[in-house]
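Residue-level structural notes
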2 protein chains.
Amino acid sequence: MTELLKEFMANNIPTVEKRMQELVENIEAPAVLKESMLYSLNAGGKRVRPLFVLAVMDHFNVRNDDGFTVAAVIEMIHTYSLIHDDLPSMDNDEYRRGKLTNHKVYGDAFATLAGDALNTLAFGILARMQQIPPVSRLLLVDKLSEAAGAEGMVGGQILDIEGETKQLTLSELENVHVNKTGALLRFSIESGAIIANATKAERAILVEYAHHIGLAFQIQDDILDIEGTTEQLGKTAGKDVASDKSTYPALLTLVGAKEKLQDHYNLAIKALEKLPSESSLLKDLADYIVHRNK
Amino acid sequence: MTELLKEFMANNIPTVEKRMQELVENIEAPAVLKESMLYSLNAGGKRVRPLFVLAVMDHFNVRNDDGFTVAAVIEMIHTYSLIHDDLPSMDNDEYRRGKLTNHKVYGDAFATLAGDALNTLAFGILARMQQIPPVSRLLLVDKLSEAAGAEGMVGGQILDIEGETKQLTLSELENVHVNKTGALLRFSIESGAIIANATKAERAILVEYAHHIGLAFQIQDDILDIEGTTEQLGKTAGKDVASDKSTYPALLTLVGAKEKLQDHYNLAIKALEKLPSESSLLKDLADYIVHRNK
């Protein structure tokens, strides 16, 4: 990781985490509900989506408080999806990032409701961001709903579950990931551009970058499931192979998956080069996504 | 039921149901997900919340297409809450309105995701309602998030579950219902006032009416659990007594609960009388809530 990115992370991640904490602490709700929401929000993670929001804003030289709130909102949506994904009726995971999953601590009912509460809260926070012009705020709500719902993340979850019982083609597998993880990642990048008042053309370039970053992210996830250890990942390694899941290495061999990863990396970098000015941070983030070991 | 209300229902409920159908059909999502969302949306129900949206608009002589969309959105949120509420980890209900519950047809994972998709879709639809001025649209998103989330419906669900293992006081019981069912009902009434450009004073009067209607609705629910039959209700009657649940009749006796119901009805009507003009429909709806037998 470059010094630039390391410093950017150290300067920004704590602020995003503090913002999430404040946003949940400020609501009037039963104590146990707030506690379970905060339990999962504070369970760590790479905070990749918040970093993309802020890196895009930084590219346009816009550094204001709104970025942290939007970053916190996106991380709330990501966190709710993990809470529901870990439930016994879904992936039935007991550990996430080395900590007990939400339902192992609070029970299945409260975990379901903590997820629902985070999902619902996210939209209210966006709507109440007085500093952002109304039309931009509505665009954020509109696009987050699309990215997180049936047309994006939730739809991708459905495709992923359906895919467990059959052999997927490469294009079907890509479609799972474009929705399941890609849609929210794209929104992270696009939301940064919306807050920074980027032009439509700039937004389109960034969405193209985001598309390839999202796929690269997932391919590296599949590779780490094979090459990583449970300790290093904070979740059970080798799960995909054990469950005979359709993954990039399963479809393309490990060597083929690594080539595909490189292809998407190259296309992401190529998209960035179309921007009027250089963005070291966005390039560094692409490197990080491809080379991360957890 | 008065002829006026009967006609109002016949004229409006089919349009709301058609709107829900269209809004879900129009999204690009996996077929099984749309099917399971529609299964629960089309499973019938009293459509009380949509009726309140439209009756309030009617009171202000505003009859436009937006009311149907907002009514459909609120019914989507209500439906998602029922899907999650029926899950084995929550109430574990097999039937709702005489039909199999969502998870009995589609499985627990898909039911969880269908609920998540409806919740998420609701906010996107509001944000995209081009006919409503941006600031009003943002107010709708803001207030729906508050009513449906940790500070309202989801928080009330948590209180309800916590209450299952202890004897609640009357004020604790009231707090459960003010949140669990009251908050979304209040939003139905307030959203109608927002679309109709009601004054702040008028909105406050209607929120007062809504508060008492919400409690009356719940007390009648508790009474029907004792006096109704499973066939008539479309859900298992006598469940509250069997599970020794804190209800109005349990805390106040059946006679006491009926008196309380009448008190809230009277207070709702008294609130209505503060409005500049009479509202027959809102009075009829209050009567219906109190006298309904399912």
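Residues numbered from 1 in each chain as written. Chains lettered and ligands numbered in written order. Predicted model: local features only at pLDDT ≥ 70, side-chain atom pairs only at ≥ 80, totals over all residues. Heavy atoms only, no water.

An unreviewed UniProt entry lists chain A under the name Farnesyl diphosphate synthase, from Viridibacillus arenosi FSL R5-213. Among the UniProt annotations of chain A, the heading Cofactor (unreviewed entry) holds the following wording: "Mg(2+)". (UniProt positions renumbered as here; feature names shortened; annotations may be inferred.)

A look at unusual backbone geometry
Despite not being glycine, N92(A) has its phi angle at roughly 55 degrees, a positive value. Looking at the secondary structure, you find N92(A) in the loop between α4 (65–86) and β1 (95–96). The phi dihedral of D244(B) is positive, around 60 degrees, even though this residue is not glycine. Among the structural elements, D244(B) can be located in the loop between α12 (239–242) and α13 (248–272). (Helix = DSSP H or I, 4+ residues; strand = E, 2+ residues; numbered from the N terminus.)

Topic: α4(A)
All names here are of chain A. Taking 1.5 Å of rise per residue, 22 residues should cover 32 Å, and α4 covers 32 Å from first to last C-alpha, within 8% of that figure. Counting buried positions over the 22 residues of α4 gives 21, a clear majority of the element. The N-capping residue of α4, defined by a side-chain oxygen 3.0 Å from the backbone nitrogen of D66, is N64. (Expected span 1.5 Å × (residues − 1). Buried < 20%, exposed > 50% of the residue type's maximum accessible area, 1.4 Å probe, protein only. Polar contact = N/O pair within 3.5 Å; in protein donor to acceptor, adjacent residues only side chain to side chain.)

Observations concerning the interface of chain B and chain A
In this complex, chain B contributes 44 residues to the contact, which on the side of chain A involves 44 residues. Here chain B packs against chain A, burying approximately 3,700 Å² in sum over the two surfaces, 74% of which is carbon and sulfur. Across the chain B-chain A interface, the total number found is 2 salt bridges. Salt-bridge contacts for D142(A) lead to R128(B); the nearest nitrogen and oxygen are separated by 2.6 Å. Inspection of the region where chain B meets chain A yields 12 residue pairs in polar contact (both at pLDDT 80 or more). For the side of chain B that touches chain A, the elements supplying multiple residues, two or more each, are α2 (31–41), α4 (65–86), α6 (108–127), α7 (134–148) and α8 (153–163) of chain B. Here the side of chain B that touches chain A gets 13 residues from one element, more than from any other, and that element is α6(B). Taken together, the residues that form the side of chain B that touches chain A break down as 26 nonpolar, 10 polar and 8 charged. (Contact = heavy atoms within 4.5 Å. Buried area = accessible area lost by both parts, 1.4 Å probe. Salt bridge = Lys/Arg side-chain N within 4 Å of Asp/Glu carboxyl O. Nonpolar A, V, L, I, M, F, W, Y, C, P; charged D, E, K, R; others polar.)

Remarks on the packing of helix α1 (residues 3–25) of chain B against α4(B)
Residue and element names in this part refer to chain B. Close contact between α1 and α4 brings their axes to 9 Å; oriented N to C, the two are set at 70 degrees. In this view, α1 runs roughly perpendicular relative to α4, as classed from their interaxial angle. The residues of α4 that touch α1, namely those facing N12, T15, V16, R19, M20, L23 and V24, are D65, F68, T69, A71, A72, E75 and M76. In the contact of α1 with α4, the residues fall into 8 nonpolar, 3 polar and 3 charged. (Axes fitted to C-alpha atoms, helices over the stretch in contact; angles between N-to-C directions. Parallel < 35°, antiparallel > 145°, perpendicular 65-115°, else oblique.)

Section: the pattern of salt bridges
All names here are of chain A. Taken as a whole and judged by the stated rule, the model has 37 salt bridges over all chains. The closest approach of N and O atoms between K143 and E190, which form a salt bridge, is 3.5 Å. Highlighted residues: K143 in helix α7 (residues 134–148) and E190 in helix α10 (residues 182–195), separated in sequence by 47 residues. With a relative accessible area of 13%, E190 lands in the buried category. Residue R203 pairs with E190 through a salt bridge whose shortest N-O separation is 3.5 Å. Here the residue R203 occupies a position in helix α11 (residues 200–227), and E190 occupies one in helix α10, the gap between them amounting to 13 residues.

Description of the environment of F8(A)
Residues and elements named next belong to chain A. By secondary structure assignment, the location of F8 is in helix α1 (residues 3–25). The class for F8 is buried, based on a relative accessible area of 11%. Spatially, the C-alpha atoms of F8 and L51 are 8.4 Å apart, while their sequence positions differ by 43 residues. In contact with F8, not counting residues within four places along its chain, are L51, L54, A55, D58 and L281.

Quick notes on the packing of aromatic side chains
All names here are of chain A. Evaluated as defined, the whole model comprises 5 aromatic pairs over all chains. Measuring from ring centre to ring centre gives 6.2 Å for F52 and Y209, while their planes differ by 70 degrees; the resulting arrangement is edge-to-face. Pair noted here: F52 is in helix α3 (residues 48–59) and Y209 is in helix α11, with a separation of 157 residues, a long-range link. Taking relative accessible area as the criterion, Y209 reaches 0% and is therefore assigned buried. Over the ring of F217 we find R292, and its NZ or CZ is 4.1 Å from the ring centre. (Phe/Tyr/Trp six-rings, centres within 6.5 Å; stacked < 30°, edge-to-face > 60°. Lys NZ or Arg CZ within 6 Å of the ring centre and 35° of its normal.)

Some details on the side chain of S279(A)
Residues and elements named next belong to chain A. When you line up the elements, S279 lands in the loop between α14 (248–272) and α15 (280–291). In this structure S279 comes out as buried when scored by relative accessible area, which is 10%. Looking at S279, its side chain comes within polar contact range of the main-chain nitrogen of L282, at 3.2 Å.

Observations regarding the side chain of T181(B)
All names here are of chain B. With respect to the helices and strands, the residue T181 is situated in helix α9 (residues 170–195). Judged by its relative accessible area of 16%, T181 falls in the buried class. Separated by 3.4 Å, the side chains of T181 and Q218 make a polar contact. Excluding anything up to four places from it in sequence, T181 contacts G214 and Q218.

Side note on the relation of the copies chain B and chain A
For the match of chain B to chain A, the screw axis carries a shift of 0.0 Å, the RMSD comes to 0.0 Å, and the turn is 180 degrees. The relationship between the two copies is best expressed as a two-fold rotation axis. The position closest to the rotation axis in chain B is occupied by the C-alpha of P134(B), lying 3.0 Å away. When you check the interface residues of chain B against chain A, 100% turn up at the interface there too, and the contact is symmetric in its surfaces. (Least-squares fit on C-alpha atoms with pLDDT ≥ 70 in both.)

Some thoughts on helix α6 (residues 108–127) of chain A
The end-to-end C-alpha separation of α6(A) is 30 Å, in line with the 28 Å expected for 20 residues at 1.5 Å each. Most of α6(A) sits inside the fold, with 19 of its 20 residues counted as buried.

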